[in-house]
Amino acid sequence: MSVFINKRTKLVVQGITGRDGSLHTNLMKKYGTQVVAGVTPGKGGSKLKGIPVFDSVAEAVAKTKANTSVIYVPPPFAADAIYEAADSGVKTIICITEGVPANEMMKVYEYIREMDVRLIGPNCPGLISPGQSKVGIIPGQICKQGGVGVVSRSGTLTYEAVWALTDAGLGQSTCIGIGGDQVIGTNFIDCLEAFENDPQTKAVVMIGEIGGDDEQKAAMYVKKKMTKPVVGFISGRTAPPGVRMGHAGAIISGSSGTAEEKVAAFNKAGIPVADSPTEIPGLIAEALKKLKTKAKAKSPKKTGKKVVKKVAKKATKKKVAKKKITKKVAKKKSRK
Amino acid sequence: MKIHEYQAKELFIEAGITAPSGKVATTAQQAEEFAREIGAPVMVKAQVHVGGRGKAGGVKFAKTVEDARMHAENILGMDIKGLTVKKVLITSAAEITSECYVGIILDRVTKRPVFMVSSAGGIDIEEVAEKTPEKIHKLAVDPIVGLRDFEARELASKLYKDIKQIRQASVILKKLYEVFWKYDASLVEINPLITDETGKVVALDAKFNIDDNALYRLPNIEKMRDLDAEEPSEIEAREGDLSFVKLDGNIGCIVNGAGLAMATMDLVKRYGGEPANFLDIGGSSNPRKVVTAMKIILSDPKVEAILFNIFGGITRCDDVANGIVMAFKELNPQVPVVVRLTGTNEKEGAKILKTVPIDTGAKTLDEVVKRAIALAAKSAKSVAQEELVLA
């Protein structure tokens, strides 16, 4: 499995005939994503690389049963594109567009709050479940299928971390860029929760940056709720306060939102923090190793009936999951 | 984008918020004239894009027009938190009987506009927020419904006891909320909101931060931009569509992506250098952007080496390489340039770079940073030696 997108993802591309939209539709299709429809008002009835183009998202969904939408439209039209996607009945919306006014996004967020819709972004690179599906702009060639979940507020920094993992032989379940804006649809905790519940994911990399307190909250969540190991990285240690560092969300205001504060929160929650993205694979390997020895050490200790039962159940579940994956990997290898 | 107090007040007055108007002076002579026009006593207030002006001595009460001239003389040219004061606002001095604070911020936690009000307003508001946060009342407003009358009244009743003042303040709060939306603000603030000797509620100060992402639909705000109050290299970067922040170090950094740019700067510091800047060339691959980036960085005399870290996704390495070659032809850089190109069209990029004298030996992020620092030290040394020889 993977999170948010997989082989069953049927994608509609909003802004498919634009410069970015058409380029990345091609790349997503080449990667194996089921791109079933495109939308550009006024161009309904035409085709792009064999993909039917519609005038509205509702029409595209009705005709093609698309369940996920990706948005490449220019900033002035992005909020409207999200409303349209939400009303059309797709369950997952990924907004790549950078530069959407934040106040506009507050209204969008309020509108979809009670709906059964997941919004990722805006101002994000999208996500990829290696070997299954890619939605957005993350380069497919730097990824490899495996058991590490990656969640990040940044784009190219994510590529750097993912490439380091792949280079070290550590594949990924899903890599998610949640976006660098102040108002975003999906935050760290949403992704951590999904990774915790995903049997393919064995460990998680969380890449944060200065600004806000999402990382601090995520660290609390990791400490309280997560059984899987999490490794962290924070960028912006050298950023001066009060200045926007590219991303609209990357601003240190007063003494809050600094890198030090975030690193301290990670440390407090027992999350090892890499000093350089190149150190991330080493920390992941270490965490996975510890997990194995911990599982071994925990199971023979029998202190309380209930606890033992739970631990035992979890351990067997994990073993089963592991077996499945190793089988899959073995199959793949033999095919090659 | 930030605008000055006098500009923010113009927007307030236009929206119907009671605020004293004033005049902006750039010389002491002018300040005196305006003080005479308005009628003493007046306030002389530094117009800079930074908080804490009062504490830094940038806001003075002038009893007479001569005092206004003297204060303006002192304040103009003054340095407040690294910014030079080039304008002062001359405004009538009000008799203050109470000082409150009201503000609206875009709150990323609730993802709603949040009102903050306190009856303990004035120059110590930051201390109040830190030491006695219970004195600040907050309300997150549903952005679709908007601020309702009873909510405005409730907030106002945290500030005043007299029903007349509560009514006046609720009107101001409602109008402030309208202004927040009309101009895509990320922050609006009145500190202090005062009552004068007649009991009237007046906005004595105004602070306005506007979302850069919304400037495309706010042509009148864009016109308010004070180029005098900005770093010249940052203006050039903005015009070249680059995201740039000037810092004080010796290693110039050119990176694609904000997160990676910050991570690269952090590594520069970690390995013993100091980043000279934050610079994100963005996702598009226009080679001209690279030339502009190099030009801006080379204009900083402190820079001893330039470090390129490009992880190609949308950005194509061959485009960046072409930009570097163009920059070498046009700018002839005298400092060492270290380049790491990874990702989309990496091989094509490496081929193009063979024609220019740069260091492309580093493969990883850590390596390229270390190379840049080592070469910077070397070039600094050779410059020092040259100077020694010349002396």
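Scroll up to find the structure.
From a predicted model like this one, the values you see are computed outputs, not experimental measurements.

Caption draft 1: Fine view of the sheet that holds strand E2 (residues 34-39) of chain A. All names here are of chain A. Across the sheet, seven strands lie side by side as E3-E4-E2-E1-E5-E6-E7; this open sheet has mixed pairing. Edge strands, defined here as strands with exactly one partner in the open sheet, are strand E3 (47-48) and strand E7 (118-120). As paired strands, strand E6 (residues 92-95) and E7 are joined by three bridges and run parallel to one another. The residue bridging isoleucine 93 from the neighbouring strand is leucine 119, located in E7. Across the face of the sheet, helix H3 (residues 75-88) comes into contact with strand E1 (10-14), strand E5 (68-71), E6 and E7 while running at roughly 170° to E6.

Caption draft 2: Unusual backbone geometry, seen in detail. Cis geometry is adopted by the peptide bond preceding A:Pro122, which originates at A:Gly121 and carries an omega value of 5°. Mapped onto the secondary structure, A:Pro122 falls in the loop between E7 and strand E8 (126-129). A cis geometry characterises the amide bond from B:Asn191 onward to B:Pro192, with omega recorded as 10°. Structurally, B:Pro192 can be placed in strand E10 (residues 185-195). Here the phi dihedral of B:Asp241 falls at roughly 60°; this positive angle occurs in a residue that is not glycine. On the secondary structure map, B:Asp241 appears in the loop between helix H8 (232-239) and strand E13 (243-246). Relative accessible area serves as the criterion here: at 56%, B:Asp241 is assigned to the exposed category.

Caption draft 3: Region of interest: the state of the cysteines. Residues and elements named next belong to chain A. Considering all chains together, one arrives at zero disulfides over all chains under this definition. Cysteine cysteine 175 remains unbridged, with the sulfur of cysteine 143 as its closest cysteine sulfur at 4.7 Å. Cysteine 191 takes part in no disulfide bond, and the closest cysteine sulfur to it belongs to cysteine 124, at a distance of 10 Å. Among the residues examined, cysteine 191 registers a relative accessible area of 0% and is labelled buried.

Reading the values: the criteria
- Residues numbered from 1 in each chain as written.
- Chains lettered and ligands numbered in written order.
- Predicted model: local features only at pLDDT ≥ 70, side-chain atom pairs only at ≥ 80, totals over all residues.
- Heavy atoms only, no water.
- Pairing = 2+ DSSP bridges.
- Helix = DSSP H or I, 4+ residues; strand = E, 2+ residues; numbered from the N terminus.
- Contact = heavy atoms within 4.5 Å.
- Axes fitted to C-alpha atoms, helices over the stretch in contact; angles between N-to-C directions.
- Buried < 20%, exposed > 50% of the residue type's maximum accessible area, 1.4 Å probe, protein only.
- Disulfide = S-S within 2.5 Å.

This is a description of form; function is not addressed.
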